[in-house]
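Spelled out, the chains give:
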Amino acid sequence: SQALPPSKQLEKRPTLRGKHVLVVDADEGVRNNAHALLERYGCIVETAHDGGEAIFMVRNMLGEDGYDAILADIRLPDMTGHEFMLKLKELLEHVPLILLADYGYDPGHNLVKCSQSGLPKNWVLCKPFRLDQLLETVERVIGASPSRVQQTT
């Protein structure tokens, strides 16, 4: 094996290894970047381009372990981040949602609405996000989650 300089070595993040993450964003670049970054740390990453596709994927995972974290843009092509969160709440007992927002842009006040609906304020990432911000936020959400996301009864 080759010795790598410290800047090229991956920081160990055992909390992320084997965790299921769903990234929902209309921007292919955001989906691809988040996928590549999280996969480097051992996450099992799936992507969706809109809320409807993501809800379908979440429903299909209900009989299995589910997603440990779901990252979604506040402005999906077919619904707002708040609408997406409410749909997830219909399916899941614990919603491990991280909202992605363009820096300083939230004309529909989705972040405020989601906060009022129970989303912790530190579960929001501004785009473009840095790797350390992404990893820390995903770890925070995973750490707050019951062992795995359970369907509501």
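Bear in mind the structure is a predicted one, so any value in this text is a computation, not a measurement. (Residues numbered from 1 in each chain as written. Predicted model: local features only at pLDDT ≥ 70, side-chain atom pairs only at ≥ 80, totals over all residues. Heavy atoms only, no water.)

So, the pairing of strand E1 (residues 20–24)
Burial of E1 is extensive: five of the five residues sit out of reach of the surface. By the alternation rule, side chains of E1 split into His20, Leu22 and Val24 and Val21 and Val23, which are all buried. As paired strands, E1 and strand E2 (residues 44–48) are joined by five bridges and run parallel to one another. Bridge assignment links His20 to a residue of E2, and that residue is Ile44. Between the parallel elements E1 and E2, the chain passes through helix H1 (residues 28–40) in a crossover that is right-handed. Two elements, E1 and strand E3 (residues 69–73), share four bridges in a ladder whose sense is parallel. If you follow Val23 over to E3, its bridge partner there is Leu71. (Buried < 20%, exposed > 50% of the residue type's maximum accessible area, 1.4 Å probe, protein only. Helix = DSSP H or I, 4+ residues; strand = E, 2+ residues; numbered from the N terminus. Pairing = 2+ DSSP bridges. Right-handed = clockwise from strand over helix to strand, strands pointing away.)

Topic: H1
With 13 residues, H1 extends 18 Å from end C-alpha to end C-alpha; this agrees with the ideal 18 Å at 1.5 Å per step. Turning to H1, its buried residues number three or more, namely Val30, Arg31, Ala34, Leu37 and Leu38. End-on, the buried residues of H1 take up no more than an arc of 145 degrees, which puts them together on one face. In this structure, the buried residues of H1 make contact with E1, E2, strand E4 (97–102), strand E5 (124–127) and helix H5 (131–144). Among the residues of H1, the N-terminal cap falls to Asp27, whose side-chain oxygen and the backbone nitrogen of Gly29 are separated by 2.7 Å. Just past H1, the residue Gly42 takes up positive phi, approximately 90 degrees. (Expected span 1.5 Å × (residues − 1). Arc of directions from axis to C-beta. Contact = heavy atoms within 4.5 Å. Polar contact = N/O pair within 3.5 Å; in protein donor to acceptor, adjacent residues only side chain to side chain.)

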